[in-house]
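Remarks on the overall topology
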Amino acid sequence: MNSPQAADLTPIIESLGIPQIQRHLFLCTDPTKPKCCPKEDSLTAWNYLKKRLQELGLDRPTELRPDCIFRTKADCLRVCTQGPILLVYPDGVWYRNAMPEVIEEIIQRHVLKGEVVAEYAIAQHPLPDPPPSPSV
Ligand code: FES
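In a regular helix each residue adds 1.5 Å, so 17 residues correspond to 24 Å; helix H2 (residues 39-55) covers 24 Å between its end C-alpha atoms and thus fits that length. Taken as a whole, H2 has its buried residues at Ser42, Ala45, Trp46, Tyr48, Leu49, Arg52 and Leu53. Projection of H2 onto a plane perpendicular to its axis shows the buried side chains occupying an angular sector of 165°, all on one side. Elements in contact with the buried residues of H2: strand S1 (21-28), strand S2 (68-74) and helix H3 (100-113).

Attention now moves to H3. Over its 14 residues, H3 runs 18 Å from end to end, which matches the ideal 20 Å to within 8%, given 1.5 Å per residue. Remark: the principal bend of H3, roughly 30°, maps to Ile107. When we look at burial in H3, the residues that qualify are Pro100, Val102, Ile103, Glu104, Ile106, Ile107, Arg109, His110 and Val111. Here the buried face of H3 lies against S1, H2, S2, strand S3 (86-89) and strand S4 (93-95). The positive-phi residue at the C-terminal boundary of H3 is Gly114, with phi of around 75°.

Turning our attention to the pairing of S2. Pairing between S1 and S2: seven bridges, direction parallel. Directly across from Phe26, in S2, lies its bridge partner Thr72. Note on the crossover from S1 through H2 to S2: the handedness is right-handed.

Cut-offs and rules
Residues numbered from 1 in each chain as written. Predicted model: local features only at pLDDT ≥ 70, side-chain atom pairs only at ≥ 80, totals over all residues. Heavy atoms only, no water. Helix = DSSP H or I, 4+ residues; strand = E, 2+ residues; numbered from the N terminus. Expected span 1.5 Å × (residues − 1). Buried < 20%, exposed > 50% of the residue type's maximum accessible area, 1.4 Å probe, protein only. Arc of directions from axis to C-beta. Contact = heavy atoms within 4.5 Å. Bend = angle between axes of the 7 residues up to and from the residue. Pairing = 2+ DSSP bridges. Right-handed = clockwise from strand over helix to strand, strands pointing away.

Shown next, in the form of C-alpha cells:
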C-alpha cells in the first residue's frame with residue numbers, strides 16, 4: 001500500500017529555521033493540571049522567555065548568528081513541583097523555578113555561554129545518540 005504524498009513543508013521548515021536550531025527549550029506552561037506552579041506563573045515565565053529570545057535575536061537565524069534557539073510550551077514535564085520546569089536540549093539540563101530572573105540566568109549563562117546554571121539545575125541527562133534510522 002502506498003503512503004499518501006506529504007505536502008512540501010520545506011518553506012515552513014526553512015522559515016522556522018529548523019535546520020539551524022542550536023538548542024531547544026521546553027517550558028512547562030499553562031498545564032492542564034497545574035501542579036508545579038500556578039498557571040499565571042507559568043504564563044509569566046513563558047512570555048518572558050519568548051520576549052527575551054526575540055529581543056536578543058536568538059529566536060531565528062540571522063546573518064550575524066546563523067543558528068537559533070527554539071522554544072516550545074510543554075503541558076507538563078512530569079516533575080510537577082518547584083516549577084516552572086524548563087528543559088534545555090540537546091544538553092538535557094532540567095531546571096526548577098524558571099521564573100523570569102532564573103530564565104535570564106539560563107539565557108545569559110547556558111544558552112549564550114554553554115554554562116549550566118548549577119544553582120537551579122535539578123538533573124542533567126543529554127540524550128544518547130539515536131540508533132540508525134531510515135533517512136528522511
Ligand atoms: S505541571 Fe509542570 S511539570 Fe508537571
